[in-house]
Amino acid sequence: MAAPADLIVARPEGLYCPAGDFFIDPWRPVDRAVITHGHSDHARTGHAHYLAHIHSAGTLRQRLGDHIPLQTLDYGEVIEHHGVRLSLHPAGHVLGSAQVRLEHGGRVWVASGDYKTEADGTCAPFEPVRCDTFITESTFGLPIYRWPAQAVLFGEINAWWRRNADAGRASVLLCYAFGKAQRLLHGVDASIGPIVVHGAVEPLNAVYRAAGVGLPPTHRVTELDKTALRRALVVAPPSAQGTPWMQRFGADPVDAFASGWMLVRGTRRRRGVDRGFVMSDHADWPGLMSAIKATGAEHIRVTHGSVPVLVRWLSEQGLDAQPFETAYGDEDAADQATPEAPAP
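Everything in this summary refers to the structure shown in the same document. (Residues numbered from 1 in each chain as written. Predicted model: local features only at pLDDT ≥ 70, side-chain atom pairs only at ≥ 80, totals over all residues. Heavy atoms only, no water.)

## A closer look at the overall build of the protein
Right, so step 1: The secondary structure content of the protein amounts to 9 helices and 18 strands.
Right, so step 2: Rg of the C-alpha trace for the protein: 21 Å, near the compact-globule value of 20 Å for 344 residues, within the 12% margin.
Right, so step 3: In the protein, which comprises 344 residues, the share counted as buried stands at 56%.
Right, so step 4: The contacts in the protein between residues at least 6 apart in sequence include a share of 59% that link residues at least 24 apart.
Right, so step 5: Carbon and sulfur atoms make up 52% of the accessible area of the protein, which amounts to about 14200 Å² in all. (Helix = DSSP H or I, 4+ residues; strand = E, 2+ residues; numbered from the N terminus. Rg over C-alpha atoms; globule rule 2.2 N^0.38 Å. Buried < 20%, exposed > 50% of the residue type's maximum accessible area, 1.4 Å probe, protein only. Contact = heavy atoms within 4.5 Å. Areas by Shrake-Rupley, 256 points an atom, 1.4 Å probe, with all protein chains shown as cover.)

In structure tokens:
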């Protein structure tokens, strides 16, 4: 239950700052919305005013429309609204992702949105922000979730692609179109062969390139002949699985899925792919622990994911941990879902 001194409370529309009269990542239309990043479960249509990091502008306008009333800030830039000092700080999740720091009446709260703690080269790395109260996600809030290091992950992906290319088979890598796709493109060895991207991925690549993120040359499927396609790495969203678009890569492409859920036995089988790569833009268990500790916060509010487990564990460590009910998590649920059967 919210205390009178709480800087952020849960409302039906989303997380609300009473002192400042604005919401953070609201899921219903509101007058003022502070957006932590551009994933669809955090950035929605219908708000009268948006505030986000400057590097989120391209994604938000591409997804929500050029017309949205959007105000942007750089990391560390401070504004004051109704006496509440607000600033954005790197979350390390995707391009433009931000933690929201609020200061009012001698108290400091930080709403982290989604975050990960290992730098990946495609967005500003996570920076812990000291605070009294920290709102953390818990998407992978179980001790079993521990991600491989970047070098290990891309060593596995490159070896898989190279083997398939040498055998004359396209390598289809399914992943979320915003964030994971660009991280994969940034990290793979582009000398192995051409890279084909789905139509849902390329507009987001353009946003990353405009922000100065280095991505290799990419092609649409119609730009390459059959010989080149047999050596290609194909980056596509999960929704492309089983569609006619996939038939362009021949009868025997090798497919894989990149997600943190690939660590769970049976997920790859349910997705119906040949290979799974453990890759997430969210913090794993050690990342959650290190991030929470680095804030110095005594009060933790836990949102979407393994909320009861993380609340219980933090409480056992002597922290004031409580759940916050939210409507986030669509992005991650899509990664877990069993794909629909292709149309006849």
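## Regarding the sheet that holds strand 4 (residues 33-34)
Right, so step 1: Pairing is mixed in the open sheet, where 6 strands are placed in the order 1-2-3-4-5-6. Here the strands that pair on one side only, and so sit at the sheet edges, are strand 1 (9-11) and strand 6 (70-73).
Right, so step 2: On top of the sheet, helix 1 (residues 57-64) reaches strand 5 (50-53) and strand 6; it is set at about 160° to strand 6, its chief contact. (Pairing = 2+ DSSP bridges. Axes fitted to C-alpha atoms, helices over the stretch in contact; angles between N-to-C directions.)

## Here's the deal with helix 4 (residues 202-210)
Right, so step 1: Regarding helix 4, the residues found buried are E202, L204, N205, V207 and Y208.
Right, so step 2: Buried residues along helix 4 sit against helix 1, helix 3 (180-187) and strand 13 (195-197).
Right, so step 3: Immediately downstream of helix 4, the backbone of G212 shows phi near 90°, a positive value.

## Observations regarding the nonpolar core
Generally speaking, nonpolar side chains in soluble globular proteins are found buried as a group.
Right, so step 1: Residues I157, W160, W161, L173, L184 and L233 are the most contacted members of the largest nonpolar core, which totals 33 residues.
Right, so step 2: Where this core is concerned, the elements lending two or more residues are helix 2 (150-166), helix 3, strand 13, helix 4, strand 14 (233-236) and strand 15 (254-259).
Right, so step 3: When near neighbours in sequence (up to four residues on either side) are disregarded, W161 contacts S171, V188, D189, A190, I192, G193, P194, I195, R231, A232 and L233. (Core = buried A, V, L, I, M, F, W, Y, C linked by side-chain atoms within 4.5 Å.)

## Description of unusual backbone geometry
Most of the time, phi is negative for any residue but glycine, and the peptide bond is trans.
Right, so step 1: If you check the backbone angles, D25 has positive phi at about 50° while not being a glycine.
Right, so step 2: Here D25 shows up in the loop between strand 3 (22-24) and strand 4.
Right, so step 3: Judged by its relative accessible area of 1%, D25 is buried.
Right, so step 4: The phi angle at H82 is positive, at roughly 55°, despite the residue not being glycine.
Right, so step 5: Along the chain, H82 turns up in the loop between strand 7 (78-81) and strand 8 (84-90).
Right, so step 6: For H82, a relative accessible area of 53% puts it in the exposed group.

## Side note on the packing of helix 7 (residues 285-295) against helix 8 (residues 307-316)
Right, so step 1: Contact geometry of helix 7 with helix 8 gives a least axis separation of 13 Å together with a crossing angle of 45°. The pairing of helix 7 with helix 8 is recorded here as oblique in orientation. For the crossing formed where helix 7 meets helix 8, the hand is right-handed. Packed against helix 7, whose contacting residues are W285, M289 and I292, the element helix 8 presents L310, W313 and L314 at the interface.
Right, so step 2: Its residues placed into classes, the contact of helix 7 with helix 8 shows 6 nonpolar, no polar and no charged. (Parallel < 35°, antiparallel > 145°, perpendicular 65-115°, else oblique. Left-handed = near helix turned anticlockwise from the far one by under 90°. Nonpolar A, V, L, I, M, F, W, Y, C, P; charged D, E, K, R; others polar.)

## Description of helix 1
Think of an α-helix as turning once every 3.6 residues; residues three or four places apart then point the same way.
Right, so step 1: Buried within helix 1 we find A57, T59, L60 and L64. Seen end-on, helix 1 carries its buried residues on one side only, within an arc spanning 165°.
Right, so step 2: Residues of helix 1 that are buried make contact with strand 5, strand 6 and helix 4.
Right, so step 3: G65 occupies a position one or two residues after helix 1 and carries a positive phi of about 115°. (Arc of directions from axis to C-beta.)

## What to know about the packing of aromatic side chains
Geometry of an aromatic ring pair is reported as the spacing of the ring centres plus the angle between the planes.
Right, so step 1: One pass over the full model with this rule turns up 13 aromatic pairs.
Right, so step 2: Where Y115 meets F134, the ring centres are 6.1 Å apart and the plane angle is 55°; that geometry is what we call tilted. Of this pair, Y115 sits in the loop between strand 10 (107-111) and strand 11 (133-138) while F134 is found in strand 11, placing the two residues 19 residues apart along the sequence.
Right, so step 3: The class for Y115 is buried, based on a relative accessible area of 0%.
Right, so step 4: Assessed through its relative accessible area of 0%, F134 is described here as buried.
Right, so step 5: Seen from their ring centres, Y145 and W147 are 5.9 Å apart, and the 55° between their planes marks the pair as tilted. For the pair Y145 and W147, a shared accessibility class is recorded, and that class is buried. (Phe/Tyr/Trp six-rings, centres within 6.5 Å; stacked < 30°, edge-to-face > 60°.)

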